[in-house]
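Secondary and tertiary structure notes
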Amino acid sequence: PMALKPSLPKKKSIKPKKKMKAFHWDKLSNTDAHDTVWKELGKDDAKMLSKDDRRTLEMAFGVVKKKKKAKKSRLRVSLIDLPNSFLKSKKRNNKSPSTKKKLVKLLSDKRRKAVEIVLRSLKLSGEEARDAFLSMDHDMITPAKLQMLMVVCPTSEDVKVLSTHRGSASSLDNAERFLKNLMDVPSLQTRLQLWIFKEDFDESIGVVREGVRAVNEALAQIEACEGLKTVLKVILGVGNHVNGGTPKGGAWGVKLSSLGKLKSVKSNDRKQNLLHFVVNVLRERYESSLKFLVELKGVESAAQNDTAFLESESRRFASRVQQVLTMVKKGPCTEDDQFVPVMKAFHSMSAPETKRLLEESKNMARATTKLCKMYGEKPQRPEELLEKFAIFVSDFRQAYLHVVERSKPGH
């Protein structure tokens with residue numbers, strides 16, 4: 001027979017002295033809550049409230065008359081998409097250059113025009129571009145010109161067409177002559193991609209590393225935050241009292257999405273909600289737990305990261321660095337070819353950094369899985385889990401400031 005999953009015992013029923021307003025939180029089953037942080041929080045959550053707390057809670061949130069409540073829609077914070085870089089060619093309307101003699105034209109009109117537009121900005125002859133590329137001349141070929149060269153890099157169709165020409169290069173039209181010279185560089189497109197990768201490496205990996213570390217730090221902050229556990233224990237006590245005597249009561253734990261529903265339950269005088277009540281209880285007797293707002297300071301910004309993008313970029317960096325090594329092992333194509341020594345030095349620097357970043361990016365998933373199990377949540381993306389906490393932190397901060405403001409003289 002299949003062994004039954006361990007389950008927490010049914011909790012003692014709480015019976016408020018009057019009917020309470022409905023608090024529609026989502027209970028975790030006693031089985032789902034068993035191996036989670038809720039097992040400890042739910043042991044004596046009722047003791048978190050004093051008799052005065054319960055009396056005040058019932059007076060403020062007890063049912064006076066049946067009144068249909070309008071649901072208040074939540075404004076959700078949109079995640080900021082990290083920018084992707086795309087290669088774009090600038091198009092300008094220029095007149096075709098005049099030629100003093102009839103030169104051989106092998107490219108299609110469309111392809112020739114595209115190449116000529118780039119050449120006007122590039123301001124390099126085919127010979128100059130080829131020699132500067134082989135010597136890895138950073139002065140002649142700037143990062144901007146690398147992007148231009150990527151646009152005019154000879155395609156397989158260009159190579160096929162230009163290979164049919166048996167005359168001298170000087171007999172070719174400008175665009176054809178330029179591409180013919182670039183064809184002298186082996187694996188040109190790959191070399192271009194890797195040179196661009198090298199030029200962008202420090203800035204690109206810095207942005208991704210910052211995002212990955214922000215997510216990992218936020219996940220670690222949540223796991224280690226003791227003040228948060230006290231806050232959740234008080235919320236559990238309040239919710240179980242409000243829902244006492246109903247199927248929603250007797251909860252060992254709740255889904256994190258339920259935390260956002262606290263502010264939707266208004267008091268009879270409409271001056272506070274359940275979250276304000278929780279803040280008051282914490283201020284009066286568990287004030288040290290309020291430091292959780294500082295301890296979770298990185299959660300809101302970390303939740304804005306697109307971790308799928310961060311993971312993808314980390315893998316792309318690792319793949320490119322491996323590609324650099326492969327090209328370096330092929331050796332130089334000529335005596336003047338500086339690609340190998342330059343890229344070999346780059347590989348020595350970038351390989352350890354990329355390996356470290358890849359490991360840190362994998363940790364995001366591991367830490368999220370651990371935290372999901374800790375709180376009885378279903379598997380989800382790191383930013384989805386962080387957003388649940390971020391919304392609660394934001395809601396709680398607003399409620400705290402409201403309570404503090406109302407406690408000042410004159411309110």
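Read on for an overview of the structure. (Residues numbered from 1 in each chain as written. Predicted model: local features only at pLDDT ≥ 70, side-chain atom pairs only at ≥ 80, totals over all residues. Heavy atoms only, no water.)

1. Some remarks on the pattern of salt bridges
Overall, the coordinates contain 24 salt bridges when judged by the stated rule. For K233, the salt bridge is made with D44, and the minimal N-O distance between the two is 2.6 Å. Here the residue K233 occupies a position in helix α9 (residues 226-242), and D44 occupies one in the loop between α1 (38-41) and α2 (51-61), the gap between them amounting to 189 residues. Residue D44 is classed as partly exposed on the basis of its relative accessible area of 29%. The closest approach of N and O atoms between R213 and E360, which form a salt bridge, is 3.1 Å. (Salt bridge = Lys/Arg side-chain N within 4 Å of Asp/Glu carboxyl O. Helix = DSSP H or I, 4+ residues; strand = E, 2+ residues; numbered from the N terminus. Buried < 20%, exposed > 50% of the residue type's maximum accessible area, 1.4 Å probe, protein only.)

2. A closer look at the packing of helix α3 (residues 109-122) against helix α5 (residues 143-152)
Packing of α3 against α5 leaves a shortest axis separation of 10 Å and a crossing angle of 165°. One element, α3, and the other, α5, form an angle in the roughly antiparallel class. In the crossing of α3 with α5, the sense of the turn from one axis to the other is left-handed. On α5, the residues touching R111, V115, V118, S121 and L122 of α3 are K145, M148, L149, V151 and V152. In the contact of α3 with α5, the residues fall into 7 nonpolar, 1 polar and 2 charged. (Axes fitted to C-alpha atoms, helices over the stretch in contact; angles between N-to-C directions. Parallel < 35°, antiparallel > 145°, perpendicular 65-115°, else oblique. Left-handed = near helix turned anticlockwise from the far one by under 90°. Contact = heavy atoms within 4.5 Å. Nonpolar A, V, L, I, M, F, W, Y, C, P; charged D, E, K, R; others polar.)

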